[in-house]
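Structural overview for review
What follows is the residue order along each chain.
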Amino acid sequence: MMIPTVDIATRVYNHKWKIDPIVRSLIDTDFYKLLMCQSVFRNRPDTHVAFSLINRTRSIRLAELIDEGELREQLDHVRGLSLTRGESTWLRGNTFYGKRQMFRPDFMEFLENLRLPAYQLEKRDGQYELTFEGRWPEVMLWEIPALAIIMELRSRAVLKDMGRFELQVLYARAMARLWEKIEQLRELGPELRIADFGTRRRHSFLWQDWCVQAMYEGLGDQRFIGTSNCLIAMRRDIEAIGTNAHELPMVYAALADTDEELRQAPYRVLADWHEEHDGMLRIILPDTYGTKGFLEHAPDWLAGWTGIRVDSGDPAEGAETAIRWWQDRGEDPRDKLIIFSDGLDVDKIRELFRRFRGRVKVSFGWGTLLTNDFRGLVPGDGLAPFSLVCKAVAADGRPTVKLSDNPEKATGPAEEIARYKRVFGVGQQQRQDVLV
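The present account deals with the structure reproduced in this document.

Criteria and cut-off values
Residues numbered from 1 in each chain as written. Predicted model: local features only at pLDDT ≥ 70, side-chain atom pairs only at ≥ 80, totals over all residues. Heavy atoms only, no water. Helix = DSSP H or I, 4+ residues; strand = E, 2+ residues; numbered from the N terminus. Rg over C-alpha atoms; globule rule 2.2 N^0.38 Å. Buried < 20%, exposed > 50% of the residue type's maximum accessible area, 1.4 Å probe, protein only. Areas by Shrake-Rupley, 256 points an atom, 1.4 Å probe, with all protein chains shown as cover. Lys, Arg positive; Asp, Glu negative; His and termini not counted. Charge placed at Lys NZ, Arg CZ, Asp CG, Glu CD. Salt bridge = Lys/Arg side-chain N within 4 Å of Asp/Glu carboxyl O. Polar contact = N/O pair within 3.5 Å; in protein donor to acceptor, adjacent residues only side chain to side chain. Contact = heavy atoms within 4.5 Å. Pairing = 2+ DSSP bridges. 1 Å grid on protein atoms, 1.4 Å probe; cavity = no way out; pocket = protein on both sides within 12 Å on 5 of 7 lines; lining within 4 Å. Points joined across faces, edges and corners; volume = space filled by probe spheres on them. Expected span 1.5 Å × (residues − 1). Nonpolar A, V, L, I, M, F, W, Y, C, P; charged D, E, K, R; others polar. Phe/Tyr/Trp six-rings, centres within 6.5 Å; stacked < 30°, edge-to-face > 60°. Lys NZ or Arg CZ within 6 Å of the ring centre and 35° of its normal.

**Structural notes on the overall build of the chain**
Within the chain, the regular secondary structure consists of 18 helices and 13 strands. What you see for the chain is a C-alpha radius of gyration of 21 Å, in line with the 22 Å of a compact globule of 436 residues. Its C-alpha atoms give the chain principal-axis dimensions of about 60 × 50 × 45 Å. Scored against the burial criterion, the 436 residues of the chain give a buried share of 60%. Put simply, the chain shows about 18000 Å² of open surface, and 46% of that area lies on carbon and sulfur atoms. Averaged over its 61 positive side-chain charges, the chain has a centre that lies 1 Å from the centre of its 66 negative ones.

See below:
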């Protein structure tokens, strides 16, 4: 059953209504977080982790924009959420990626009884230091709601003094901009496959929901293949999309005792994943510690996986590296899937689609510039996207590290970054601007 659209401008104008908490549900999160959570629950349930908010765009002083009381109110609201009966039924009984009962009964029982753990919040140098600590399966589910809350409170702060008519015009322009993008994507033909990956840095929940509806109507369910947002997928009766993320190898690597264990950690992650999932969920994310080195040392069985997600560095170069790797391993790249998911917008999507169509199966996870493109629509460009992440920063007291194919995205202590580069054989890397 399709739910009618809402008057977004009016709801924004009245955003203090209790009907509009920023995070409405425990499943207002990305699908891959639940898939990963089940894997962690099964394999590493007692690992103690810490997650922290990291604002890569330091020029945006969030603690001066966002009221601390409002932030705490929204975070406290999330702590009071639990699965509803309908949400539990959907997770237990729905078919995901062609598989019924994707989530095991013991994991569902854990999820049904879950309340998110406490948080620590401080201000420092114009930024919020927001940290979550505890058992990995519990703490990891803070990542997406924390990001969504910060992003939407920033939007609300920028829009708070705008009148009703001004808001109507703003959203009309943003809607027209997205529809123009959809019309350009339609020109790529019926082979296009694209999904919404925009939950974590969305302008707002209502806006993401509108964007999903526009994509569905504009592209149809053959080209628009679904959304990463579980709540929207459930309400709109469309596919929930997602596999795994950098969090898994980052924590597994931090737990390694020797350099050799560290070197093998990314493959241990995928070995655990291999036991649990098949088909379209067997997607390699190779860039956590450098794509080139990961593929060079990958075990042969990984070449049989369904595809690869390209999430940093030069996307065309990453795809060409993957194609050569499959060819060297005796695999036909035309049977493989490449998912592009890093900072995409229409021009880049069209360029990559035309370059790789027919050479591989091409798909796109479209994030921030689908669900949060208000560039140039308010004075001072106060709604322009910025790069905000919430990452695992420690596991059992040891710091985590991410190298990426773009050194601008690297995280972790400098001495640990140097060690990881040595262990994984990461040489000179090309720096690229990080928009999101």
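Now that the structure has been shown, the text picks up again.
**Details of the side chain of D287**
Within the secondary structure, D287 is located in the loop between β8 (283-284) and α14 (291-296). Summary of buried charges: D287 has no salt-bridge partner, and the nearest side chain of opposite charge, K402, is 5.4 Å away. One polar contact links D287 to H246, side chain to side chain, over a distance of 2.8 Å. Beyond its immediate chain neighbours, meaning those up to four positions away, D287 contacts H246, D311, S312, S404 and D405.

**Describing unusual backbone geometry**
Residues apart from glycine generally show negative phi values, whereas peptide bonds are mostly found in trans. For Y97, which is not glycine, the phi dihedral falls at a positive 50°. Summarising the element assignment, Y97 is placed in the loop between β2 (95-96) and β3 (99-100). Take Y97: its relative accessible area is 27%, and that puts it in the partly exposed class. The phi dihedral of D396 is positive, around 50°, even though this residue is not glycine.

**Describing the sheet that holds strand β1 (residues 48-55)**
Strand order across the open sheet formed by five strands is β4-β5-β1-β12-β13, with antiparallel pairing between neighbours. One side of each edge strand has no neighbouring strand; the edge strands of this open sheet are β4 (119-124) and β13 (398-399). Pairing of β1 with strand β5 (residues 127-135), which is carried by five bridges, proceeds in the antiparallel orientation. Note on β5: the bridge partner recorded for S52 is T131.

**Focus on the sheet that holds strand β11 (residues 361-366)**
The parallel open sheet is built from six strands, whose spatial order is β7-β6-β11-β10-β9-β8. Every interior strand has two partners, whereas the edge strands, β7 (224-227) and β8, have only one. Where strand β10 (residues 337-340) meets β11, four bridges bridge the pair, whose relative direction is parallel. By the bridge assignment, I338 is partnered in β11 with V362.

**A look at empty space enclosed by the protein**
Tallying each qualifying case throughout the model produces five cavities of 30 Å³ or more. Taken as a whole, the largest cavity encloses approximately 510 Å³ of empty space. In terms of lining residues, the largest cavity is bounded by 31 residues, among which Y32, R200, R201, R309 and D311 are the most central. At the level of elements, α12 (247-254), α17 (368-371) and β12 (388-395) are the ones that each hand at least two residues to the lining of the largest cavity. For the lining of the largest cavity, the element with the highest residue contribution is β12, accounting for four residues.

**Examining helix α2 (residues 31-43)**
Counted at 1.5 Å a residue, the expected span for α2 with its 13 residues is 18 Å, and the 19 Å between its end C-alpha atoms agrees. Burial within α2 is extensive, with eleven of its 13 residues counted as buried. Those residues of α2 lying buried are F31, Y32, K33, L34, L35, M36, C37, Q38, S39, V40 and F41.

**Some thoughts on the layout of surface pockets**
By volume, the largest pocket is sized at about 620 Å³. Taken together, 27 residues form the lining of the largest pocket, with T291, K292, E317, T321 and D405 sitting closest to its centre. Elements with a contribution of two residues or more to the lining of the largest pocket: α14 and α15 (315-328). Counting residues per element, the lining of the largest pocket draws most heavily on α15, at six residues. Taken together, the residues that form the lining of the largest pocket break down as five nonpolar, 14 polar and eight charged.

**What about the packing of aromatic side chains?**
Taken as a whole, this structure holds 24 aromatic pairs when the rule is applied. Ring plane angle 50° and centroid distance 5.7 Å describe the contact between Y171 and W207, whose orientation is recorded as tilted. Here Y171 is found in helix α9 (residues 164-186), whereas its partner W207 is found in helix α10 (residues 205-223), with 36 residues between them in sequence. Owing to a relative accessible area of 2%, Y171 belongs among the buried residues under this scheme. We classify W207 as buried; its relative accessible area is 1%. Both rings, one in F340 and one in F364, keep their centres 5.7 Å apart while their planes meet at 25°; by these two values the pair is stacked. Residue F340 is located in strand β10, and its partner F364 is located in strand β11; the two are separated by 24 residues in the primary sequence. This pair shows no difference in class: F340 is buried, exactly as F364 is. Cluster of aromatic residues (ring-pair linked, three or more members): F31, F41, W90, F96, Y97, F103, F107 and F110. Sitting over the face of the ring of Y252, R44 holds its NZ or CZ atom 4.1 Å from the ring centroid.

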